[in-house]
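Structure at a glance
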Number of protein chains: 2
Amino acid sequence: MPKQIVICDDHLLFLNGISELLKNTGNNYGIAKFSDVHSCRQHLMQNEADVFICDLNINHFDGFLLLEELKFQLKNTKTIILTAYYEDFLIQKARKLGVNAFLKKETPAEELISVIESGLNKEFYTNKSYKKGVSVYSTIDEPIINKFRISRQEKEIIKLIIKGLTSKEIADVLFISITTVTTHRKNIHRKLEISNSSSLIKFAHENNLLH
Amino acid sequence: MPKQIVICDDHLLFLNGISELLKNTGNNYGIAKFSDVHSCRQHLMQNEADVFICDLNINHFDGFLLLEELKFQLKNTKTIILTAYYEDFLIQKARKLGVNAFLKKETPAEELISVIESGLNKEFYTNKSYKKGVSVYSTIDEPIINKFRISRQEKEIIKLIIKGLTSKEIADVLFISITTVTTHRKNIHRKLEISNSSSLIKFAHENNLLH
DNA sequence: GATAAAATACCTCTTAATGGGTATTGTTTG
DNA sequence: CAAACAATACCCATTAAGAGGTATTTTATC
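Residues numbered from 1 in each chain as written. Chains lettered and ligands numbered in written order. Predicted model: local features only at pLDDT ≥ 70, side-chain atom pairs only at ≥ 80, totals over all residues.

**A closer look at the overall build of chain A**
Scanning chain A from terminus to terminus reveals 10 helices and eight strands. Expressed as a percentage of contacts within chain A between residues at least 6 apart in sequence, the contacts between residues at least 24 apart total 59%. (Helix = DSSP H or I, 4+ residues; strand = E, 2+ residues; numbered from the N terminus. Contact = placed C-beta atoms within 7 Å.)

In structure tokens:
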């Protein structure tokens, strides 16, 4: 199930840029983007979002106001403030408002994605260089792929399965025998404790091991 | 020959976002991105760029200074200032400095690309409606499912396939015969012009039809 | 150089999926 | 009320995938 992400930022290039960025993570996010508060509010009142990312200063409209207004609609939504203004009092205000994360726009994409992907809990996250006694999302999970000891070639085959290739086609593009592909698929299934390719693809998507 | 574009902005998300945006235009741009002035300067002194996009305020370093410093290296380069600060005096300053365009970050991607693609001349461009300030923009990626005439039950079955269920299991949870499930799968394949469940899942993810 | 891990490949058997049909019963809609 | 669509269900045959093995070669790694 892809996460539904709503982004509100009046910087169109930023809005489109971040949207492309998230689309290309392979996480298959459903993305709704808004550059004005009004249509964004309307959307959030009618649709449940998993993640809501917003700027603080959207066409001179206070992002905090929007968050307060939509407090009820956003109770099951991870809220992330993404802004150029990272003053301590703003961070504290966000925290009190129940915002889940406060990120500056200098944040590396990896960090943003890890915040998006971490479970919705009631902890508060902000960029590490600005933590002052605030709790930080505890773990940036090390690649699950290592945990399951999926090898390079196995990973390669997973990618091709996800692309929709059959074992025969995979054998052809990797210049190996179809029986070898079969063996790899078998080993992958054993390691991940699954028994069909749909579950494999599900696993791959959930654990973000697709590039 | 693909255009070589150099981008300098300390907002990493913006930097990466805009980079993805430009990569996905199909214009085959060569893109070098920098979040600090020093490595950017070094790059520009050694490599010729077709387009140089920079912020004015890169880690508190004045973008104008960088442009002045590199005036000689940039004589054949289209220079674009892309910034959140669009004060009149900044625009005039940029103009005097020989900058080719001054864009605010609210600029639509199309406008940026058209500036990049327009020939290098000595004219000066800035956003036409920059006094008005209100650029409204919102899109929600509309379900492609209607286009392919996937029915409610077919969609239900797609969702269960994605969950990793077999036809037998799907039949059980939907209280229908396994042959019915088979028929539905067949019809789905025909409509989407695919021939295995991996491709189906890929399609579903790409077109965001899983919720 | 020994050992472990990875990659290769085959055999056999079973189960699942796919693609070609046909056909009945509702449901919706112009 | 027809016509179109959706949902149901079965037949047939073929192909693909999955699960149990075994086994050789190549590649790291200690």
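Moving on, there is more to tell.
**A look at the interface of chain A and chain B**
With 41 residues of chain A at the interface, the matching set in chain B holds 42 residues. For the side of chain A that touches chain B, the elements supplying multiple residues, two or more each, are α1 (12–23), β2 (30–34), α5 (109–117), α7 (152–162) and α10 (197–206) of chain A. A per-element tally of the side of chain A that touches chain B places α1 of chain A first, with eight residues. In terms of residue class, the side of chain A that touches chain B is built from 16 nonpolar, 17 polar and eight charged. (Nonpolar A, V, L, I, M, F, W, Y, C, P; charged D, E, K, R; others polar.)

**Considering α7 of chain A**
Note: α-helices contain 3.6 residues per turn, so residues at a spacing of three or four share the same orientation. Turning to α7 of chain A, its buried residues are I157, I158, I161 and I162 of chain A. The arc enclosing the buried residues of α7 of chain A, seen along the axis, measures out at 140°, which places them on a common side. The inward-facing, buried residues of α7 of chain A contact α8 (167–174), α9 (178–192) and α10 of chain A together with α9 (197–206) of chain B. A positive phi of about 100° marks G164 of chain A, the residue just after α7 of chain A. (Buried ≥ 20, exposed ≤ 12 C-beta atoms within 10 Å, placed from the backbone. Arc of directions from axis to C-beta.)

**Considering the protein's contact with DNA strand D**
Neighbouring residues of DNA strand D: 23 residues in total, closest S167 and S195 of chain A together with S151, I176 and S177 of chain B. Ranked by the residues each element gives to the surface near DNA strand D, the list is headed by α9 of chain A, at five residues. The residue inventory of the surface near DNA strand D, partitioned by class, reads one nonpolar, 16 polar and six charged. (Near = placed C-beta within 6 Å.)

Coordinates in, geometry out; function isn't part of it.
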